Structures are given as structure tokens and as C-alpha cells.
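# Structural description and commentary
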Amino acid sequence: MIFGAVALAVVGLGNSNVSAGEDGTPQPKSTVQYPIRFDHAPAARAPQPRPTVSYPIRWQR
């Protein structure tokens with residue numbers, strides 16, 4: 001009986017008449033233009049490598 005009630009609820013909810021933006025309802029529109037460019041931004045420079053330690057490392061030979 002419980003299974004029948006759940007099945008009836010699923011069928012009832014699956015066939016509901018909910019509109020998805022039709023009937024003259026305005027939909028959001030994208031205003032972005034691809035590719036995105038930053039024309040007035042300064043040119044990025046590559047970062048310079050820095051040593052990770054400030055003392056010499058002795059290598060065992």
C-alpha cells in the first residue's frame with residue numbers, strides 16, 4: 001500500500017503542468033562577449049625565480 005502511494009505521488013508530480021518560461025515570460029540573456037580581453041591593463045611580466053634558501057648547500061660527492 002505504501003509502495004502504491006509513492007508510485008501514485010511520483011506519477012502525479014511527473015505530469016504536473018508547470019510552465020518553463022513560456023507564455024511571454026522574459027528569459028535572462030547573456031550580455032558577455034567572448035573572448036574576454038582587458039585592453040587597458042598593463043602587460044603582465046613573468047615572475048623572476050628566487051632562491052628558496054639564503055645559504056649555500058654543500059653536495060656530497
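In this report, the structure presented in the accompanying data block is examined. Fair warning: this is a prediction, and the values are worked out from it, not measured in the lab. Numbering of residues starts from 1 in each chain and follows the order in which that chain's sequence is written. In view of the model being predicted, local features appear only for residues whose pLDDT reaches at least 70, and side-chain atom pairs are presented and counted only at 80 or more, with totals across whole chains, interfaces and linings using the full set of residues. No hydrogens and no water enter the side-chain calculation; it runs on all heavy atoms of the structure.

A count of helices and strands for the protein chain gives one helix and zero strands. Evaluated residue by residue, the protein chain yields a buried proportion of 0% over its 61 residues. As presented, the protein chain carries roughly 7300 Å² of accessible surface, and 59% of it is formed by carbon and sulfur atoms. Under the scheme used here, helices are H or I runs from DSSP no shorter than 4 residues and strands are E runs no shorter than 2 residues, and both carry numbers assigned from the N terminus. For every residue, the accessible area obtained with a 1.4 Å probe (protein chains only) is divided by the maximum for its type, and the residue is called buried under 20%, exposed over 50%, and partly exposed between those limits. In short, Shrake-Rupley with a 1.4 Å probe defines the accessible areas, and a residue's cover is counted only from the protein chains shown.

As a further point, take a nonpolar patch on the surface. Nonpolar side chains (Val, Leu, Ile, Met, Phe, Trp, Tyr) are joined into patches within 5 Å and like charges within 9 Å, using only residues with over 30% relative accessible area and no salt bridge. Salt bridge, as used here, is a side-chain nitrogen of Lys or Arg placed within 4 Å of a carboxyl oxygen of Asp or Glu. Together, V32, Y34, I36 and F38 make up an exposed nonpolar region whose accessible area comes to about 510 Å². Relative to the elements of secondary structure, F38 occurs in the segment after α1 (2-14). For F38, a relative accessible area of 67% puts it in the exposed group.

To continue, consider unusual backbone geometry. Along the chain, Y34 connects to P35 via a cis peptide bond; the corresponding omega equals -5°. Counting through the fold element by element, P35 comes out in the segment after α1.

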